[in-house]
Amino acid sequence: MAPTDPNHARPIGDDPSSPIAPATAGRRSSAGRTGSDHRSDPVRLEMSWYEASARQRVAAFLDADTFEEFVGPTERAMSPHLPLFELPRAFDDGIVVGRGRLDGKPVLVAAQEGRFMGGAFGEVHGAKLVGLLRAALEVRPAAVLILFDTGGVRLQEANAGETAIAEAMRAITEVRAAGIPVVGLIGGRAGAYGGGGLIAGTCARLAVSESGRISVSGPEVIETNRGAEEFDSRDRALVWRTMGGKHRRLTGGADAYVADTVAAFRDAALDLIARAPAFDLATLEAEQARLEARLTRFGTCRDGADIWARLGINDAQAVPAMTDAAFTEIAAGVPEASHDAR
Amino acid sequence: MPAKMALDAILASLFPTGRSVAVTDGLISGEGSLDGGRLVVVGIDGDTPLGVEGALALSRTVLDAMKVGDKAPILVAVDSDSQRMSRRDELLGLYECLAHLAKTLLLADRLGHPTVGLIYGHSAAGAFIATALATRVLAALPGANPSVMDLPSVARITKLPLDKLEAMAASTPVFAPGLDNMVATGAVHAVLDPAQPLDAQLSALIADLPAGDTRDRLGRERGGRPVAQAIAERVVSQARGG
């Protein structure tokens, strides 16, 4: 299948590292007040989520001027390990964490910066997310939002990154068990890969855009280990049919599909916060049944389009080129796509 | 590196009076008796990669253990490969299956089942996170070889020469594969002595489980993660203020 969407030309995961420009460091969002503390700025709301930086996403996503960062770039909490590899560091280690308001409600938020080391989990990066989740147990926000944009573990700090991912998953279940929804938003250039995919799967709800990819092994990793016959990582259309936002939404791997704008992610987050499943035995029994049914029904499928056809979509081949509005309508008619089993 | 202890020898030392533990397609499940009660065993043997079916088989066992109502301790014994790397596994949502397995173990812990990991061979990446690292404490046996990625692969991706990486690995626990390094980061709580009975060592671990997640504190004390605990605490402290 030929790529039919401009998204297919976009780079996949593990972008070359580029440090965050220190010039933007520490600046509190101040632009674009609309007269209401409970509204975000209309111009910034139309910004592309994919193109925005982590800081731009947070500032535009939350109610205007409500974001307060914890351990911000002025504190210079940088990786103690990257210099060993002669690699540049970022003042925020590629993640922004803090508090703000979403439609007036207090929330905690973490946003990964996919343009620094592919948004990967290093020691400081991971510890900031873990700290935010632990803080949620004390300050009891209306929700915790994780804006994923990560290739997974940062190899230069692999053991620290992997352990932090395990800590974050444990902390998410504790926050959820305390009745606080943890919602993941996935639409950045690095996707949610590796341990980032596992953390995403631990959240109560996930929203994804077409560009959002969720996966454990990335295309390059599969190709390196198993060969191009197993997975040609340069075949972008294949990548999207296997792990892209539309496939995840249709199969119930994500709970909302949104256009690539800050406004769409904001609306989806508000909706998902209001209907987050509990973290208990009933939910996990339901998830077990849901995932077992998926393997039974689709275990022999070779391609995403085969699964979509079995889900009852008449023209499965047309799904990749569908507009967001048309796709959302189709997804609404797929019973498997929507559930409380996560 | 010391030789890997075989699963049969581990089970014999854990359950001197007998057990009912099966290994099917590399997946361990069963139970034995410990201190007069039940000990549930799940896990992965034989350097087996963990794919969608394996993850759901293990999570089924953990869910069943929760339904019994005896709050039996759960041992997660691991000698695995990484997650199974394939187009099919990702197509079918491996991230959901692995996260689901981790969630069942974390819920069991919440519901009062002591959960202990035991790495006795290899494990890596997603398979490691979804199993042994989703327990309250992770123990290891000498000969265990946890890793995120082997050094030749790290060399390929970081574009650093392998000999330079090997030299760096000798002095820097934060990225290098191996048990000692995972102990230093705090991921591995304790290393057991294979020459002593494992049942008593496991009972002692269960009797002395930490109340919460102590891995970042251990990482600071042992030097493998020098700043993680302080950073997390700073975030909590700033969130508390204001």
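Residues numbered from 1 in each chain as written. Chains lettered and ligands numbered in written order. Predicted model: local features only at pLDDT ≥ 70, side-chain atom pairs only at ≥ 80, totals over all residues.

**Brief notes about the overall build of chain B**
Link 1 in the chain: When you go through chain B residue by residue, the secondary structure sums to eleven helices and nine strands.
Link 2 in the chain: Judged by the C-alpha coordinates and their principal axes, chain B covers about 50 × 45 × 45 Å.
Link 3 in the chain: A buried classification covers 57% of the 242 residues belonging to chain B.
Link 4 in the chain: Put simply, of all contacts in chain B between residues at least 6 apart along the chain, 66% involve residues at least 24 apart. (Helix = DSSP H or I, 4+ residues; strand = E, 2+ residues; numbered from the N terminus. Buried ≥ 20, exposed ≤ 12 C-beta atoms within 10 Å, placed from the backbone. Contact = placed C-beta atoms within 7 Å.)

**Examining the interface of chain B and chain A**
Link 1 in the chain: The interface of chain B with chain A comprises 69 residues on the first partner and 74 residues on the second.
Link 2 in the chain: For the side of chain B that touches chain A, the elements supplying multiple residues, two or more each, are helix H2 (52-68), helix H3 (87-91), helix H4 (94-110), helix H5 (125-130), helix H6 (151-158), helix H8 (179-184), helix H10 (215-222) and helix H11 (228-240) of chain B.
Link 3 in the chain: It is H4(B) that contributes the most residues to the side of chain B that touches chain A, 13 residues altogether.
Link 4 in the chain: Taken together, the residues that form the side of chain B that touches chain A break down as 39 nonpolar, 16 polar and 14 charged. (Nonpolar A, V, L, I, M, F, W, Y, C, P; charged D, E, K, R; others polar.)

**Notes on unusual backbone geometry**
Link 1 in the chain: The backbone phi angle of Asp65(A) is positive, close to 65°, even though this residue is not glycine.
Link 2 in the chain: For Asp65(A), the location among the structural elements is in the loop between helix H2 (54-61) and strand E1 (68-70).
Link 3 in the chain: Residue classification places Asp65(A) among the partly exposed residues on the basis of 18 C-beta atoms within 10 Å.
Link 4 in the chain: One non-glycine residue with positive phi stands out, namely Lys159(B), at about 60°.
Link 5 in the chain: The topology assignment puts Lys159(B) in the loop between H6 and helix H7 (162-171).
Link 6 in the chain: Taking the number of C-beta atoms within 10 Å as the measure of exposure, Lys159(B) has 6 and is therefore exposed.

**Thoughts on the nonpolar core**
Link 1 in the chain: Residues Val144(A), Val183(A), Leu198(A), Ala207(A), Leu98(B) and Ala102(B) are the most contacted members of the largest nonpolar core, which totals 184 residues.
Link 2 in the chain: It is H4(B) that provides the largest number of residues to this core, a total of eleven residues.
Link 3 in the chain: Dropping the residues within four chain positions of it, Val183(A) is found in contact with Ala143(A), Leu145(A), Cys203(A), Ala204(A), Arg205(A), Ala269(A), Leu272(A), Ile273(A) and Ala276(A). (Core = buried A, V, L, I, M, F, W, Y, C linked by C-beta atoms within 7 Å.)

**Considerations on the sheet that holds strand E7 (residues 137-140) of chain B**
Hydrogen bonds between backbone groups are what pair the strands of a sheet, and the pairing can be parallel or antiparallel.
Residue and element names in this part refer to chain B.
Link 1 in the chain: Taken in spatial order, the seven strands make up an open sheet running E1-E2-E3-E4-E5-E7-E9, and their pairing is mixed. The open sheet has two edge strands with one neighbour each: strand E1 (19-24) and strand E9 (190-191).
Link 2 in the chain: Bridge count between strand E2 (residues 27-34) and strand E3 (residues 37-50): eight bridges; the pairing is antiparallel. The residue bridging Ser33 from the neighbouring strand is Arg38, located in E3.
Link 3 in the chain: Of the strands in this sheet, E2, E3 and strand E4 (74-83) touch H2, which is tilted by about 175° from E3. (Pairing = 2+ DSSP bridges. Axes fitted to C-alpha atoms, helices over the stretch in contact; angles between N-to-C directions.)

**Quick notes on the environment of Gly194(A)**
Residues and elements named next belong to chain A.
Link 1 in the chain: Relative to the elements of secondary structure, Gly194 occurs in the loop between strand E5 (182-186) and helix H5 (195-202).
Link 2 in the chain: The spacing of Gly194 and Val97 is 97 residues in sequence and 21 Å in space, taken between C-alpha atoms.
Link 3 in the chain: Not counting chain neighbours up to four residues away, the residues in contact with Gly194 comprise Gly151, Gly152, Val153 and Val216.

**Things to note about the confidence of the model for chain A**
Link 1 in the chain: Here chain A shows a mean pLDDT of 90. Residues at 70 or above account for 88%.
Link 2 in the chain: This stretch, residues 1-38 of chain A, has a pLDDT under 50; its non-local contacts, to residues over four places away or in other chains, come to 80 contacts. (pLDDT = per-residue confidence, 0-100.)

**A short note on the environment of Glu113(A)**
Residues and elements named next belong to chain A.
Link 1 in the chain: By the secondary structure assignment, Glu113 is in the loop between strand E3 (105-112) and helix H3 (123-139).
Link 2 in the chain: You can call Glu113 buried: it has 28 C-beta atoms within 10 Å.
Link 3 in the chain: For the pair formed by Glu113 and Val96, sequence separation is 17 residues and the distance between their alpha carbons is 7.8 Å.

**Considering the sheet that holds strand E4 (residues 143-148) of chain A**
Residue and element names in this part refer to chain A.
Link 1 in the chain: Across the sheet, which stays open at both edges, the seven strands sit in the order E1-E2-E3-E4-E5-E6-E7 with mixed pairing between neighbours. Edge positions in the sheet fall to E1 and strand E7 (256-258), since each has one partner strand and no second. When the angles between neighbouring strand axes are averaged without regard to direction, this sheet yields 25°.
Link 2 in the chain: For E4 and E5, the ladder comprises five bridges, and the chain directions are parallel. Bridging across to E5, Leu147 finds its partner in Leu185.

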